[in-house]
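Reading the structure
Next come the chains, spelled out residue by residue.
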Amino acid sequence: MAAGPRVIRLGGPADAAGWGRASRALLRDQVPPQDLRWAVEGEAEAGLFDDGAAAAEPSPLDGPTAAVAVPPRFLDLAPHALLHADPRRHALLYRLAWRLQREPGLRHDPLDADWVAAEALAKAVRRDLHKMRAFLRFHEQPGDGPGEPSRFVAWFEPQHHIVEANAPFFARRFASMRWAILTPLRSVAWDGERLAFGAGARREDAPAEDAQHALWRTYYASIFNPARLKLQAMQREMPRRYWPLLPEARLIAPLAAEATRRMQTMIDQPPTVTRRRLPAMAATAPAAPVAGLDALRRQAAGCTACPLGARATQTVFSEGSADALAVLVGEQPGDQEDLQGRPFVGPAGRLLDRVLAELGLPRERLYLTNAVKHFGHELRGQRRIHKTPGQRELLACQGWLQQELAALPADRPLVALGGTAARALLGRPVAVLRERGQWLTRTDGRRVLVTLHPAALLRLPAGEQAAAFEQWLDDLRSLPAQVGQGASPAVRTGSQRAHSSAQASPSAQPPSTSLGQ
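Just so it is clear, the model here is predicted, and its values are computed rather than measured.

On to the pattern of salt bridges. Per the counting criterion, the structure on display carries 27 salt bridges. D29 serves as the salt-bridge partner of R28, at 2.9 Å between the closest nitrogen and oxygen. Notably, a salt bridge pairs R436 with D475, separated by 2.6 Å at the nearest N-O pair. Placement of the pair is R436 in the loop between α15 (432–435) and β14 (439–441) and D475 in helix α17 (residues 462–476), with a sequence separation of 39 residues. As far as burial versus exposure is concerned, R436 and D475 are alike and both buried.

This paragraph deals with the sheet that holds strand β15 (residues 447–451). The 6 strands are arranged β8-β10-β9-β13-β15-β14 in an open sheet whose pairing can be described as mixed. If you trace the sheet from one side to the other, it starts and ends with β8 (318–319) and β14, each paired once. With 3 bridges joining them, strand β9 (residues 327–330) and strand β13 (residues 414–417) adopt parallel strand pairing. Pairing of V329 across the sheet is with A416, part of β13.

On to the side chain of T315. Relative to the assigned elements, T315 resides in the loop between α10 (308–311) and β8. Since its relative accessible area comes to 15%, T315 is described here as buried. Among the polar contacts listed, one links the side chain of T315 to the side chain of H374, at a separation of 2.8 Å.

The next point concerns helix α2 (residues 72–81). Among the residues of α2, F74, L77, A78 and A81 are the ones counted as buried. Each buried residue of α2 lies within a common arc of 115° when the element is viewed along its axis, so the set occupies one face. Opposite the buried face of α2, by more than 90 degrees, sit the exposed residues P72 and L75. Buried residues along α2 sit against α1 (16–28), α3 (89–102) and α4 (113–135).

A separate point is the state of the cysteines. Should the sulfur atoms of two cysteines be covalently bonded, the bond is a disulfide. Summed over all chains, the structure comprises 0 disulfides. Considering cysteine sulfurs only, C397 is the nearest to C303, which forms no disulfide, with 5.9 Å between them. Look at C303 and you get buried, because its relative accessible area is 17%. With no disulfide partner, C397 has as its closest neighbouring cysteine sulfur the one in C306, 5.5 Å distant.

Criteria and thresholds
- Residues numbered from 1 in each chain as written.
- Predicted model: local features only at pLDDT ≥ 70, side-chain atom pairs only at ≥ 80, totals over all residues.
- Heavy atoms only, no water.
- Salt bridge = Lys/Arg side-chain N within 4 Å of Asp/Glu carboxyl O.
- Helix = DSSP H or I, 4+ residues; strand = E, 2+ residues; numbered from the N terminus.
- Buried < 20%, exposed > 50% of the residue type's maximum accessible area, 1.4 Å probe, protein only.
- Pairing = 2+ DSSP bridges.
- Polar contact = N/O pair within 3.5 Å; in protein donor to acceptor, adjacent residues only side chain to side chain.
- Arc of directions from axis to C-beta.
- Contact = heavy atoms within 4.5 Å.
- Disulfide = S-S within 2.5 Å.

Structural measurements only, silent on function.
Now the structure itself:
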């Protein structure tokens, strides 16, 4: 009578380490899969023979074990697949390891039946691990005696042998608690120092609901959004088999039944009026009207309406006279402007001089100012880095800008250089890239041309600066006509424009690919 298959007995359903030791020894001895039968105490054996000829003793697995070459994919899925409840899992994984030693191309074959089956086992176990972490609910029980800390007990019904694999996660997550997790397959307890595993339990062994479960239901009801209810998607993430374990699950049916009515109630509500943390910019008025630009400059020199004044060197008010042809408004002074007390004298100012020369507009015939009058910056080592002003600074300086405009003729065109200046002039956020080159109208009827601040061009990569300068120049071509200087200059070649720029302003630099020159 032929000898039956060798029986390999493992220490338990989750004995993945024992399977690994046995498999390495069996592969060393070149034992084919069909000559083996894997057995786990308390679990149905896979592949039993009716004649009962199989040996009852475990196979001797002593001696050195040779290294077994398997791909990383196998090492990743095997620890999870071996925790599956399928009694054929050990035989499947051993057969796959056996074939990997003999079929080099198998590691690259994603459609092989053994690979597909092993991946399916591992995926199911990973999902069960995740669901246990997501849907476990502890019940608080009083301590064993006076002064003893409370004990927390949870009941869960896993589909696979995952208690040992998941226990370290709960020990880290609830390290300061004394807790126990009861399942039909296995139980585990944590006393604050070590984990202790035991046999499975019955549902009746778990405690009844406590006050914490009422809190779960209150929390779930408060975050339930009927407009986002998708029952099928919810059941994919929280299958019905877990609902008896969750105190909040009893609310799902009544909340879902009321979802349509609640959503319609939400739709019928009037729109909510937005509460502004700060008043609208247009609501800010100057403290007291001051006659004349010179008087305004003197008064603004001592302004302390926002914190910028305490950190800046001086107030940089404006440059130009009351009969200026146009008003150019920037964001705020830069480093050089703060040191010299004049607007647009740094790198951005030199670029502005270039474009003014191209347009035939003398700087001395224009009124140059900023929406914010002090240099906002942050220190990085010894350097002062520009910091965009916030709404508080804009509100503080809004009165100064409005008084400046009131002191100038109402028919003078306004140019907003950048988003901050456009917001200060128009009283609303402005999408500069979408509205650039357009003449917009203020509530008082004054016209505003929106374009980029010259500093924005200087921040571009060198290869993009020349094209950006041309586009910026096109934004401003309509300005000369608005100030009564005739039609804007015709489009000319680069060499002609460079020649006219040099004539208009001896200090102006010719256009180049680097705007910083």
